[in-house]
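# Architecture and fold: a report
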Amino acid sequence: VGLDPEKKTIYIQHDAAVNPGSSGGPLIDVESGKIIGINALIRSNMEGTSFAIPINTVQNILPKLLKTPRSPLGLLIVNIIPKV
């Protein structure tokens, strides 16, 4: 996974299909329909094992990210303006 063992970061381990290049999408609880995390990591040597950043962690750092676009979690926020 390439995580720094000195940093204590909590991830949700799951087996939902996440393909290379498609991380950043939501991890959704199928029973409630609520977003519970943001898919962030794929374990290439463990097929079907992925990790998501818990949504409460995302909610806690989002205000900081909006002020300063630097993240210890490797997130990039981009405003997308549709063509009219």
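Small disclaimer: the values here were computed from a predicted structure and weren't measured.

## Some remarks on the overall build of the protein chain
Along its length, the protein chain carries one helix and four strands. In the protein chain, the order of α-helices and β-strands from amino to carboxyl end is β-β-β-β-α. Per-residue burial for the protein chain yields a buried fraction of 20% across its 84 residues. Looking at the protein chain alone, contacts between residues at least 24 apart form 35% of all its contacts between residues at least 6 apart.

## Observations regarding the sheet that holds strand 1 (residues 12-14)
One open sheet holds the four strands; their spatial order is 1-4-3-2, and the pairing between them is antiparallel. Either end of the sheet is taken by a strand with one partner, and the two such strands are strand 1 and strand 2 (26-28). Between one strand and the next, the sheet's axes are offset by a mean angle of 45°, whatever the strand orientation. When strand 3 (residues 35-42) meets strand 4 (residues 50-54), the two strands line up antiparallel, connected through five bridges. Note on strand 4: the bridge partner recorded for Asn39 is Ala52.

## Structural notes on the pairing of strand 4
Burial of strand 4 is extensive: five of the five residues sit out of reach of the surface. As paired strands, strand 1 and strand 4 are joined by three bridges and run antiparallel to one another. Each bridged residue has a counterpart across the sheet, and for His14 the counterpart in strand 4 is Ser50.

## Observations regarding the confidence of the model for the protein chain
Of the residues in the protein chain, 71% reach a pLDDT of 70 or more, and the chain-wide mean stands at 76. Per-element confidence in the protein chain is highest for strand 2, whose mean pLDDT is 89, and lowest for helix 1 (residues 55-67), whose mean pLDDT is 82.

## A closer look at the pairing of strand 3
As defined by bridge partners, strand 2 adjoins strand 3 across three bridges and the pair is classed as antiparallel. Bridged to Leu27 within strand 3 is Gly37. Between strand 2 and strand 3, which pair antiparallel in sequence order, lie six residues; one of them, Gly33, sits at a positive phi of approximately 80°.

Calculation notes
Residues numbered from 1 in each chain as written. Predicted model: local features only at pLDDT ≥ 70, side-chain atom pairs only at ≥ 80, totals over all residues. Heavy atoms only, no water. Helix = DSSP H or I, 4+ residues; strand = E, 2+ residues; numbered from the N terminus. Buried < 20%, exposed > 50% of the residue type's maximum accessible area, 1.4 Å probe, protein only. Contact = heavy atoms within 4.5 Å. Pairing = 2+ DSSP bridges. Axes fitted to C-alpha atoms, helices over the stretch in contact; angles between N-to-C directions. pLDDT = per-residue confidence, 0-100.

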